[in-house]
Structures are given as structure tokens and as C-alpha cells.
Amino acid sequence: MPKVRWLFILMAGMFLTTGLSIASAAQFDKVIEGRQDLMKGIGAASKAMRSATDAAGVAASADKLAAAFAKINADTFPKGSSDGSRSKPEIWEQWDKFTAAAKNAVTLAEAIATKARAGGSTAELVKAFGKNACGTCHRPFRKPKQKS
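Residues numbered from 1 in each chain as written. Predicted model: local features only at pLDDT ≥ 70, side-chain atom pairs only at ≥ 80, totals over all residues. Heavy atoms only, no water.

> Provide a residue-level description of helix α5 (residues 123–141), including the pertinent values.
The terminal C-alpha atoms of α5, which comprises 19 residues, lie 27 Å apart, in line with the 27 Å expected from a rise of 1.5 Å per residue. Of all the bends found along α5, the most pronounced is centred on Gly135 and spans about 55°. For α5, the full list of buried residues reads Val126, Phe129, Ala133, Cys134, Gly135, Cys137 and Phe141. (Helix = DSSP H or I, 4+ residues; strand = E, 2+ residues; numbered from the N terminus. Expected span 1.5 Å × (residues − 1). Bend = angle between axes of the 7 residues up to and from the residue. Buried < 20%, exposed > 50% of the residue type's maximum accessible area, 1.4 Å probe, protein only.)

As C-alpha cells, then:
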């Protein structure tokens with residue numbers, strides 16, 4: 001009888017662990033979907049900023065970029081949420097570098113908005129934004145797209 005009890009306890013533990021893993025994966029699915037939406041918004045705002053024809057358009061897009069990059073944190077990138085996404089494990093291994101890159105993007109976007117509102121030329125800043133903001137995360141922390 002004791003062997004049966006231990007077997008039951010072991011099986012119950014396995015089912016509980018499996019259930020928690022499935023629940024955890026489902027939780028990360030929502031997180032991944034949310035951050036993919038965030039990144040699509042960043043892409044759209046970046047495109048709008050590059051194609052803006054006036055300073056007000058540049059400033060508005062840069063404001064959206066700054067607000068979006070400010071949302072990159074442990075809530076949008078919780079540890080363990082790389083499966084099913086293009087996020088590399090290096091994000092969590094180099095968390096300080098990752099969050100510094102996001103903060104840098106906020107700073108660059110704010111600088112563009114400020115300069116646009118002041119009537120200064122933003123062409124060079126806008127042109128370099130992709131490399132100096134988005135690229136500082138994409139290169140070290142994002143997996144390439146899977147080829148179909």
C-alpha cells in the first residue's frame with residue numbers, strides 16, 4: 001500500500017507541474033502577443049516619423065516612440081518568455097544592457113520631438129534613429145525571422 005501511495009503522490013505532482021507549465025505558457029502567449037503589438041506600434045510610429053512632411057508630424061511620431069519604448073520593462077519581457085517569440089535569451093542574461101538600450105531609444109525619440117518643436121532640422125536624427133535606437137536591441141537581442 002505505501003508504494004501505491006507514493007506512486008499516486010508522484011503522479012499527482014507530475015500532473016500539477018504539467019498543468020502549471022501549460023498555464024505559464026498561456027500567460028506568456030498573452031505577454032508575447034502584447035509585446036509584438038507594442039513592437040508593431042513602434043514600427044508604425046517610426047515609419048510615420050520618417051515620412052512626416054512637417055515638424056508637428058515628426059514630433060507627434062517621436063512622442064509615440066518615446067512612450068512605446070518606455071513600456072519595455074520586466075512586464076513586457078518577463079523572464080522565460082522567449083519561447084514562441086524572436087526574443088533571444090541574451091535579453092535576460094544582459095538585462096541591464098537591454099533596458100539601457102530601451103532607455104536610450106526613449107532619450108533619442110524625446111530629443112527628436114524637442115528639436116522638431118523648436119523648429120530645428122531633425123532629418124539626420126530621424127535618419128539615424130533606426131540604427132541608434134531600434135538596432136541597438138534588434139542586433140543583440142532579437143532572433144532573425146524564420147524562413148518559410
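> Can you explain the packing of helix α2 (residues 55–69) against helix α4 (residues 95–117)? Please cite residues and give values.
Where α2 contacts α4, the two axes come as close as 8 Å, and the packing angle between them is 160°. Taken together, the axes of α2 and α4 lie roughly antiparallel to each other. When you trace α2 past α4, the crossing you get is left-handed. The segment α2 lies against α4, with Ala55, Val58, Ala59, Ala62, Asp63, Leu65, Ala66 and Phe69 engaging Ala102, Ala105, Val106, Ala109, Glu110, Ile112, Ala113, Ala116 and Arg117. (Axes fitted to C-alpha atoms, helices over the stretch in contact; angles between N-to-C directions. Parallel < 35°, antiparallel > 145°, perpendicular 65-115°, else oblique. Left-handed = near helix turned anticlockwise from the far one by under 90°. Contact = heavy atoms within 4.5 Å.)

> Can you explain the packing of aromatic side chains? Please cite residues and give values.
Two measures describe an aromatic ring pair: the distance that separates the ring centres and the angle between the ring planes. Per the stated rule, a full pass over the model turns up four aromatic pairs. Geometrically, the ring pair formed by Phe69 and Phe129 is edge-to-face, given 6.1 Å between the ring centres and 70° between the ring planes. Remark: Phe129 occurs in helix α5 and Phe69 occurs in helix α2; sequence separation between them is 60 residues. For the pair Phe69 and Phe129, one class covers both residues: buried. Ring geometry for Phe98 against Phe141: centres 5.3 Å apart, planes inclined by 80°, an arrangement best described as edge-to-face. (Phe/Tyr/Trp six-rings, centres within 6.5 Å; stacked < 30°, edge-to-face > 60°.)

> For the side chain of Ser82, give the residues involved together with the corresponding values.
Within the element layout of this structure, Ser82 appears in the loop between α2 and α3 (90–93). Ignoring any residue separated from it by four or fewer positions in sequence, one finds Ser82 in contact with Arg35, Ser87, Trp92 and Lys143.

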